Amino acid sequence: MGRITSTVGLVSGINSGDIIDKLMQLESTSKNRLQSRVNSITAQKDAFSDLMGKLQGIKTTAMLFERPSTFQASSTSSSNENVLTATAGNGAPVGSYQFQVSRMVSTQQAISAGFASADSKVGAGTLTLALGGGGLTTHTELAQLNGGAGVRGGKFRITDRAGRSTVIDSSGAVTLDDLVNKINSSVDINVRATVGNDGLSLTDLSGASTMDLQVQDLGDGHTAADLGLAGRIAGTTLNGTRINTLGRQSALSSLNDGRGVRGGSANDLVMTLADASVVNVSLSSASTLGAALDAINTAGGGKVIAAIAADGHSLQLTDQSGGGGTMSVASGADSHAAEDLGIAGSASGGSINGAQLTAGLNSVLLSSLRGGGGITLGQMRITDRSGAGATVDLAGAVSLKDVLGRINNAPGLRVKASISGSDTGIQLEDTSGGGGALTIADLNGSSSATELGIAGTFNAQTPIVSGSSLHRAWMSGGTALSQLNGNKGVSGGKFRILNSNGFPTTIDLGDSSSKSIGDVIKAINNRAAGVSASINSAGNGLLLTDTSGGPMAMKVEEVDGTTAKDLNLLSPAVGTTVDGAFEKTLTLDANDTLSGVQDKINNMGFAVMANVVNDGSPGSPYRLSLTARGTGKAGGFTFDAGGTALATHNLVDAQDAVVFLGSADSAQQLRLTSSTNQITNVIRGVTIDLHGVSASPVNLSITRDVEPAVKQVQSFVDAFNEVTGTMTALTAFDSDTKKQGLLLGDQTIQRIQTALYASMNTVVSSAGKFKLFSDVGIKIGDKATLEFDADKFRSAYGTDPDAVGKLFTTVDSGLGASLEKQLVKLTDPVSGVVTRQKQTLDARSTQFQERIKLMDSQLTDKRTRLQKQFANMESILSGLQSQQQALGSMQSASYGAK
């Protein structure tokens, strides 16, 4: 049964609970006063916390005022936004610049032969897709000509033998072909320009003989002279002078078809001279051929003379030591400089005559083919379909152009040799009209035809013979990591190599020093025990070779980032090697269709995107379109159709964007290239976006922009006034209502106000023209608020932007420094004025809360005591009541007895 409780006395009828509650209310008066003070302190703490946050906001602004860049914002304007626009960061140099966009970036696109339908079978064979290089078609850049001195810009006039003339403007030209095309496309003259091995030729086609064929520079120009064409001839052909030569300005990186010279150590070359002395040569600081020659001659101390050979394409070293031995040159450890400079070996007759380091114009070296293994220079016999045959001797051939020329010029042979449409090998077309077989065979033990990929017998059903891929090597130690993966580059992370014994080595490419393939090779060879790194035999990727002889397969795995993937090293080991070739193969069988090949290529996710297109032509309208996934030259690809019917040719070549900096009248404009349609850091802090090509320069102006500074100052003024407005409200007193602000009379508030206003009255004596903030439109106005005259600020900035900046940024006394000093004193988390005040309030609140806690205990005890006293009273009253009842009972009994 439940217990019933009540605060009303059962005997007395007194409501003791109500009496106790009222007594306790009287006793709690002091506690309530303390609680009210605690609440007030809490409100004050909240107010100071709010102020602290707002002061921190002003401090952040003050720190921005200390940075000169805050007042150095720039804006840009372009005279032709259809060609280029730009954005400029703070501190970009003010000025006017001229840019001429010669070429936009292009993404390579190739197209296959036609098929009847998307379901047509393409034939069995192996497709080879390579990324980043390997093509045989080259376009010699003007900057490489004349020993690296290039071709100066300008205008020149060509007059044909009929007396008609045209002016050729070289501005915007990048390659030799650009100028040749300008000449050949001119309708004003009847002259055709052709590119030879080492120079240009002009042929008059007018049929007239009235005038000499003449080429002359205009004004102060030198373009025609630099092209080797300046002059006149009373004949139909003007053969230009040699312009394809090495020179002191030739970049080492341009040699060997751009594979450069693998060096950079203390002993790149080890030369043993005829007097048995040994000379060590370092090329670590050489970037040009002239610097390399100087390094050799300086190290030799006059005992050896290194110079460019008379052929203009190779080096010659002459022993001057006077000894009776034979001079020899070899590469030092971890270097291949002797081989790459073509001077490895022993002297003959006291001199070493080096190998050719540059190909003919618009061609590639035979030594670059077959992954850098080169071609055996022997004889081959070609018989056309009419039965006419000729022996082609490749002795002395240096470039692929030499090979093509010797085939095309073979007497009595009607076979046209050219580079295949896929740009990977040689293409032969029989023009004899005969019905027999076209045969190409090696002679006298030679393997030239086989190595060139054209050996064989081809019947009349094969009108055009496409040779197998010649695998031109394009990767070298100097290949930039940023150019790999179609310009996506190689991430700077870590990967782990586990050799065949399972021993792990982590390779870290995270630092900025790893910039080239050579850096990666060194990092691996210096760290990876039991594994060596090199360029693979195809010259298109890294090769890891396990040398530890363990029982397991070597393995590469990621540690941090995608570095191994970017280097193409995650493929399983084959034997003792992991080949990171930027090349994939796809084997097709007789049932593979055009649409099926599209899907298989896209599923590879490599180099290109494939798409079956219908060109609308009758018969065979379906073609496979291949578009590079990457942009620019480094995003280029080669596609070898193997034995399938997917013969391709390029529709669009992979090209980088080219922009010239400087006046069109300048003889030496600065040529800029980019793998995207964006140029960065040519002008510090400026990004230029390219939108189209231009026939003439576009003016780009960079000016100071005051508006960001105006916005920043306005933000500061607003923040300043928000703080002072808050403090005014906290210290206000309403004389009518007698209501006072929460912090009226608080000394901390007064100190904050004093500090802020003192900062605004700072005199910056070293700033220059402007020394007071009121000079630039910032002043303390009515009701102690900060006022900002933006127009006055703009006017001051326009007059002297540097002086305005110094007013804010001058060390110690500028507005930024002055404000920061004061605000640090106010907001320092340990010793700041506001911090200490909050600490004081915290201590006071804690003290009051402890007193309240004590009083709560006392009040609880008193309530308990009162409750006990009332309970005792009820007990006594209950006893008295019982006694009274007993007495009454006794009295009743006595009356009954009577």
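The preceding data block contains the structure.
Here we summarise the structure given alongside this text.

### Side note on the overall build of the protein
Inference 1: In terms of helices and strands, the protein carries 20 helices and 46 strands.
Inference 2: Relative to the 2.2 N^0.38 estimate, which gives 29 Å for 898 residues, the radius of gyration of the protein is 45 Å and therefore markedly larger than a compact globule would have.
Inference 3: Dimensions of the protein along its principal axes, counting C-alpha atoms only, are 175 × 80 × 75 Å.
Inference 4: Classification of the 898 residues of the protein by burial places 43% in the buried group.

### Some thoughts on the sheet that holds strand β37 (residues 648-652)
In a beta sheet, neighbouring strands pair by backbone hydrogen bonds and run either parallel or antiparallel.
Inference 1: An order of β34-β35-β4-β37 is seen for the four strands of this open sheet, with the pairing classed as antiparallel. Strand pairing shows two members of the sheet lacking a second neighbour, β34 (608-614) and β37, which therefore form its edges. Each strand axis lies, on average, 30° off the axis of its neighbour in the sheet, ignoring direction.
Inference 2: Strands in contact with helix α14 (residues 594-604) are β34 and β35 (622-628); relative to β34, the strand with the most contacts, it is inclined by about 160°.

### Observations concerning the pairing of strand β28 (residues 504-508)
Inference 1: Residues T505 and I507 line the buried face of β28, whereas the alternating positions P504, T506 and D508 sit on a face that is not buried.
Inference 2: Bridging between strand β27 (residues 494-498) and β28 involves five bridges; their strand directions are antiparallel. Residue pairing across strands places F495 opposite I507, the latter belonging to β28.
Inference 3: Counting the residues in the hairpin turn of β27 and β28 gives five residues, including G502, whose phi is positive at 80°.

### Some thoughts on the packing of aromatic side chains
One pair of aromatic rings is described through two measures. These are the centre distance and the angle between the planes.
Inference 1: Evaluated as defined, the whole model comprises 10 aromatic pairs.
Inference 2: Relative to F793, the ring of F788 lies with its centre 5.7 Å away and its plane at 70°, an arrangement referred to as edge-to-face.
Inference 3: Judged by relative accessible area, which is 15%, F788 ranks as buried.
Inference 4: Through pairs of rings, three or more aromatic residues link up here, namely F65, F71, F716, F720, Y757, F773, F788, F793 and F808.

### Comments concerning the environment of A299
Inference 1: Summarising the element assignment, A299 is placed in helix α6 (residues 289-300).
Inference 2: Each C-alpha atom of the pair A299 and M271 lies 9.9 Å from the other, and the pair is 28 residues apart in sequence.
Inference 3: The residues touching A299, leaving out its near neighbours within four places in the chain, are V279, N280 and V281.

### Quick word on the sheet that holds strand β36 (residues 637-640)
Inference 1: Here three strands make up an open sheet; going across it, the order is β33-β5-β36 and the pairing antiparallel. The outermost strands of the open sheet, each flanked by one partner alone, are β33 (583-588) and β36. Neighbour-to-neighbour, the strand axes of this sheet turn through a mean angle of 15°, independent of strand direction.
Inference 2: Strand contacts of α14: β5 (125-131), β33 and β36, with the helix running at about 150° to β33, the strand carrying the most contacts.

### Details of the nonpolar core
Inference 1: Judged by nonpolar contacts, the single largest core of 56 residues is most densely connected at F716, V776, I778, F793 and F808.
Inference 2: Of the residues forming this core, the biggest block, 11 residues, is contributed by helix α2 (residues 29-65).

### Re a nonpolar patch on the surface
Inference 1: On the surface, I14, I19, L23 and L26 cluster together into a nonpolar patch covering about 330 Å² of accessible area.
Inference 2: Residue position: I19 is located in helix α1 (residues 16-27).

### Re the packing of α2 against helix α15 (residues 707-730)
Inference 1: Their axes nearest at 10 Å, the elements α2 and α15 cross at an angle of 160°. The pairing of α2 with α15 is recorded here as roughly antiparallel in orientation. α15 is crossed by α2, and the crossing has left-handed handedness. On α15, the residues that touch A47, D50, L51, K54, L55, I58, T61, L64 and F65 of α2 are Q712, V713, F716, A719, F720, E722, V723, T726, M727 and L730.
Inference 2: Partitioned by chemical class, the residues of the contact of α2 with α15 number 13 nonpolar, three polar and three charged.

### A closer look at the pattern of salt bridges
Inference 1: Under the definition given, this model contains 19 salt bridges.
Inference 2: Put simply, R794 and E707 hold a salt bridge, and the shortest N to O gap is 2.7 Å. Note that R794 is positioned in helix α17 (residues 790-799) and E707 in helix α15, a separation of 87 residues in sequence.
Inference 3: Within the structure, one salt-bridge network assembled from shared partners comprises D50, K54 and E722.

### Topic: α6
Inference 1: Relative to the 16 Å expected for 12 residues at 1.5 Å per residue, α6 spans 17 Å between its end C-alpha atoms, a close match to the ideal helical length.
Inference 2: Here α6 has its buried residues at L289, G290, A292, L293, I296 and G300. Looking straight down α6, one finds its buried side chains confined to an arc of 165°; they lie on one side.
Inference 3: In this fold, the buried residues of α6 make contact with α5 (255-258), β13 (269-272), β14 (278-281), β15 (304-308) and β16 (315-319).
Inference 4: Of the residues flanking the end of α6, it is G301, one or two places downstream, whose phi is positive at about 60°.

### Some thoughts on unusual backbone geometry
Inference 1: Positive phi values are uncommon outside glycine, yet N256 reaches one of about 55°.
Inference 2: Position of N256 among the secondary structure elements: in helix α5.
Inference 3: The exposure class of N256 is buried, given its relative accessible area of 9%.
Inference 4: Unusually for a residue other than glycine, D423 sits at a positive phi of about 65°.
Inference 5: Within the secondary structure layout, D423 lies in the loop between β22 (415-419) and β23 (426-430).

### Considerations on the environment of R37
Inference 1: Here R37 is to be found in helix α2.
Inference 2: By relative accessible area, R37 is classed as partly exposed at 47%.
Inference 3: With 812 residues separating them along the chain, R37 and Q849 place their C-alpha atoms 9.8 Å apart.

### Some thoughts on helix α3 (residues 176-184)
Inference 1: Here α3 has its buried residues at L176, D177, L179, V180 and I183. One side of α3 carries all its buried residues, which in axial view fall inside an arc of 160°.
Inference 2: Tucked inside the fold, the buried residues of α3 contact β6 (155-159), β7 (165-169), β8 (191-195) and β9 (200-204).

### Observations regarding the environment of G636
Inference 1: Its place among the elements puts G636 in the loop between β35 and β36.
Inference 2: Classification of G636 as buried rests on a relative accessible area of 7%.
Inference 3: Residues G636 and A130, 506 residues apart in the sequence, show an inter-C-alpha distance of 8.6 Å.
Inference 4: Dropping the residues within four chain positions of it, G636 is found in contact with Q108, A130, L131, G132, G133 and A654.

### Overview of the packing of α17 against helix α18 (residues 801-809)
Inference 1: Relative orientation of the contacting elements α17 and α18 amounts to 115°, with a least axis distance of 5 Å. Packed against α17, whose contacting residues are F793, A796, Y797, G798 and T799, the element α18 presents P801, V804 and F808 at the interface.

Parameters at a glance
- Residues numbered from 1 in each chain as written.
- Predicted model: local features only at pLDDT ≥ 70, side-chain atom pairs only at ≥ 80, totals over all residues.
- Heavy atoms only, no water.
- Helix = DSSP H or I, 4+ residues; strand = E, 2+ residues; numbered from the N terminus.
- Rg over C-alpha atoms; globule rule 2.2 N^0.38 Å.
- Buried < 20%, exposed > 50% of the residue type's maximum accessible area, 1.4 Å probe, protein only.
- Pairing = 2+ DSSP bridges.
- Axes fitted to C-alpha atoms, helices over the stretch in contact; angles between N-to-C directions.
- Contact = heavy atoms within 4.5 Å.
- Phe/Tyr/Trp six-rings, centres within 6.5 Å; stacked < 30°, edge-to-face > 60°.
- Core = buried A, V, L, I, M, F, W, Y, C linked by side-chain atoms within 4.5 Å.
- Patch = residues over 30% accessible without salt bridge, like charges linked within 9 Å, V, L, I, M, F, W, Y side chains within 5 Å.
- Areas by Shrake-Rupley, 256 points an atom, 1.4 Å probe, with all protein chains shown as cover.
- Salt bridge = Lys/Arg side-chain N within 4 Å of Asp/Glu carboxyl O.
- Parallel < 35°, antiparallel > 145°, perpendicular 65-115°, else oblique.
- Left-handed = near helix turned anticlockwise from the far one by under 90°.
- Nonpolar A, V, L, I, M, F, W, Y, C, P; charged D, E, K, R; others polar.
- Expected span 1.5 Å × (residues − 1).
- Arc of directions from axis to C-beta.

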